[in-house]
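Chain by chain, the residues:
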Amino acid sequence: MDFDVLTAGVEPGGLRTKNEIKLLICYMLTSVKTSLAKSDIISIIQDNGLANYFEITDAFADLLENGNIACENEKEELYAVTASGMLISSQLDISLPISVRERALSATLNLLAKIKREQENRVRIQQTEQGYMVTCSVSGGDMDLMKLSLYVPDMLQAKLVKKNFHKDPARVYRCLLALVTGNADLTAEILMETPNKNRRGKDW
């Protein structure tokens, strides 16, 4: 097979042709059955070492121009696969290694799980005269199971609290519940747990 793309930053087993990159983008959007931001699609493929940033961008533009993908939400710049894109993704069984598909799909599902956690478990950052008040809420569906507000002196720490809370809201809730109920053994056990991460060690 003739390679026709830049391979800087591409790991062994990554994609070496533009058609392969197009196939993978269509496959990702078809598999998750939802729209994704262009930046998220690029990050997933690039951060997994599957293709070069510039080549992913070019492949994405080609798919958009050819009508294989379409912008579904202009305000949030979310893109979905079209009928012709679904047809392209059906060629994957004979065109792309299963390891590539698994890595990309796993990262995509991790991203969707992260988005769902952030939608269901809200964080509000409010500036005060002394600094910032960060309010974290754990959703129980129709009601909030927990709402915690804490003061931090600057925006950097406020964003850090938000990031770490969104990594695993359920773990934060379990830990606080164990603390306020005086269950020291459970608190220690929860604190020793390893936070959820994807296979490449990056939180999506």
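Whatever comes next refers back to the structure up there.
Here's what I pulled together on the structure shown here. (Residues numbered from 1 in each chain as written. Predicted model: local features only at pLDDT ≥ 70, side-chain atom pairs only at ≥ 80, totals over all residues. Heavy atoms only, no water.)

### Some points on the overall build of the protein
Going by this rule: Where helices and strands are cited, they refer to DSSP runs of H or I of at least four residues and of E of at least two residues respectively, numbered from the N terminus. The buried label applies to any residue whose accessible area, calculated with a 1.4 Å probe on protein chains only, is under 20% of its type's maximum; exposed applies above 50%, and partly exposed to all values in between. Contacts: residue pairs with any heavy atoms within 4.5 Å of one another. In short, Shrake-Rupley with a 1.4 Å probe defines the accessible areas, and a residue's cover is counted only from the protein chains shown.
Counting secondary structure elements, the protein contains nine helices and six strands. Classification of the 204 residues of the protein by burial places 37% in the buried group. Considering only intrachain contacts with a sequence separation of at least 6, the fraction spanning at least 24 residues in the protein is 52%. Accessible surface, the protein as shown: approximately 12000 Å² in total, 52% of it carbon and sulfur.

### Concerning the sheet that holds strand β6 (residues 144-152)
Convention followed: Two strands make a pair as long as DSSP finds a minimum of two bridges between them. Fitted lines through C-alpha atoms give the axes, limited to the stretch in contact for helices. The angle between two N-to-C directions lies from 0 to 180 degrees.
Strand order in the open sheet formed by three strands is β4-β5-β6, with antiparallel pairing between adjacent strands. Since the sheet does not close on itself, it has two edges, and those belong to β4 (123-127) and β6, each with one partner. On average, each strand axis in the sheet is tilted by 15° relative to the strand beside it, whichever way the strands run. Across five bridges, β4 lies against strand β5 (residues 132-139) in antiparallel orientation. Residue pairing in the sheet places R124 in a bridge with T135 of β5. Together, β4, β5 and β6 form the strand contacts of helix α7 (residues 155-167), whose direction differs from that of β5 by roughly 10°. Set on the sheet, helix α8 (residues 169-180) makes contact with β5 and β6; between it and β6 the angle comes to about 85°.

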